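Chain by chain, the residues:
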Amino acid sequence: EAQVTQNPRYLITVTGKKLTVTCSQNMNHEYMSWYRQDPGLGLRQIYYSMNVEVTDKGDVPEGYKVSRKEKRNFPLILESPSPNQTSLYFCATSLRPADTQYFGPGTRLTVL
Amino acid sequence: QKEVEQDPGPLSVPEGAIVSLNCTYSNSAFQYFMWYRQYSRKGPELLMYTYSSGNKEDGRFTAQVDKSSKYISLFIRDSQPSDSATYLCAMSLDGGSQGNLIFGKGTKLSVKP
């Protein structure tokens, strides 16, 4: 079964405590991306990756890092989380950047 | 002017109603148009995918693209409570390697029994 998994699904943390949200896909897709979704602002792309070791900034990259060491995994790293990063995060994958996106189930992050 | 505009709603209709959801866009070069459906606490999932102008029908759902007006619509016939979700439009230049998908902010739909 084609799947995009994210962990954790829910996370409450405190300002400044480094965290990683993992994303894994089994569809052999080259393109992966991270979005955050906020009320009134919709989906905004944080970072994307065209392939292994190839990553680039999206629309709202400040405060985030990513890595793509393997094709299937694309973790999102918050080195020093702040309250304005409280949001719902989605990982998405596709064959090509503007192709059909397959979204993960989401990670709800709260930074106190 | 934002690239893609979508009325956020919320839109509340009785069961059985015909629902019309719309997006306008500013970039006339967009050629591929999608509608995603997002249930509460879930990720968006693709509902309809159309290329260029015209209509596409899938069961109770019809996607319509009017490139001359830069306007796309999603119609839902005989709406059901299970259609209650947020609907996001998305569009791209070539459906492939050029640029990314541009999403609307989503319209929240509630279908009351």
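Attention here is on the structure that accompanies the text. All values derive from a computational prediction rather than experimental measurement. (Residues numbered from 1 in each chain as written. Chains lettered and ligands numbered in written order. Predicted model: local features only at pLDDT ≥ 70, side-chain atom pairs only at ≥ 80, totals over all residues. Heavy atoms only, no water.)

A closer look at the state of the cysteines
All names here are of chain A.
(1) Moving on: Throughout the structure, instances matching the rule amount to 2 disulfides over all chains.
(2) Moving on: With a sulfur-sulfur separation of 1.8 Å, Cys23 is cross-linked through a disulfide to Cys91. Disulfide Cys23-Cys91: the torsion about the S-S bond is -70 degrees, which places it as left-handed. On the criterion of sequence distance, the pair formed by Cys23 in strand β3 (residues 19-25) and Cys91 in strand β9 (residues 87-94) is long-range, its members being 68 residues apart. (Disulfide = S-S within 2.5 Å. Helix = DSSP H or I, 4+ residues; strand = E, 2+ residues; numbered from the N terminus.)

Topic: the pattern of salt bridges
Residues and elements named next belong to chain A.
(1) Moving on: Tallied over the entire structure, the rule returns 7 salt bridges over all chains.
(2) Moving on: In this structure, Arg36 engages Asp38 in a salt bridge whose closest nitrogen and oxygen atoms are separated by 2.9 Å.
(3) Moving on: Residue class for Arg36 comes out buried when judged on its relative accessible area of 8%.
(4) Moving on: Taking relative accessible area as the criterion, Asp38 reaches 10% and is therefore assigned buried.
(5) Moving on: Salt bridges sharing partners connect three or more residues here, namely Arg36, Asp38 and Arg44. (Salt bridge = Lys/Arg side-chain N within 4 Å of Asp/Glu carboxyl O. Buried < 20%, exposed > 50% of the residue type's maximum accessible area, 1.4 Å probe, protein only.)

Considering unusual backbone geometry
(1) Moving on: Residues Asn7(A) and Pro8(A) are joined by a peptide bond in cis, for which omega reads -5 degrees.
(2) Moving on: Within the fold, Pro8(A) resides in the loop between β1 (4-7) and β2 (10-13).
(3) Moving on: The step from Gly9(B) to Pro10(B) runs through a cis peptide bond, and the omega angle for that step is 5 degrees.
(4) Moving on: With respect to the helices and strands, Pro10(B) occurs in the loop between β1 (4-6) and β2 (11-14).
(5) Moving on: Look at Ser52(B): it is not a glycine, yet its phi comes out positive at around 60 degrees.
(6) Moving on: Relative to the helices and strands, Ser52(B) resides in the loop between β5 (45-51) and β6 (54-58).
(7) Moving on: Of note, the phi angle at Lys70(B) is positive, near 55 degrees, even though the residue is not glycine.
(8) Moving on: On the accessibility criterion, Lys70(B) (28% relative accessible area) is partly exposed.

Thoughts on the interface of chain B and chain A
(1) Moving on: Residue-level contacts link 20 residues of chain B with 21 residues of chain A.
(2) Moving on: Between chain B and chain A lies a buried interface of about 1500 Å² when both sides are counted; carbon and sulfur atoms form 55% of it.
(3) Moving on: Summed over the three residues of chain B that lose the most area to chain A, namely Asn100(B), Phe103(B) and Lys105(B), the buried surface amounts to 30% of that side.
(4) Moving on: Inspection of the chain B/chain A interface yields 3 residue pairs in polar contact (both at pLDDT 80 or more). (Contact = heavy atoms within 4.5 Å. Buried area = accessible area lost by both parts, 1.4 Å probe. Polar contact = N/O pair within 3.5 Å; in protein donor to acceptor, adjacent residues only side chain to side chain.)

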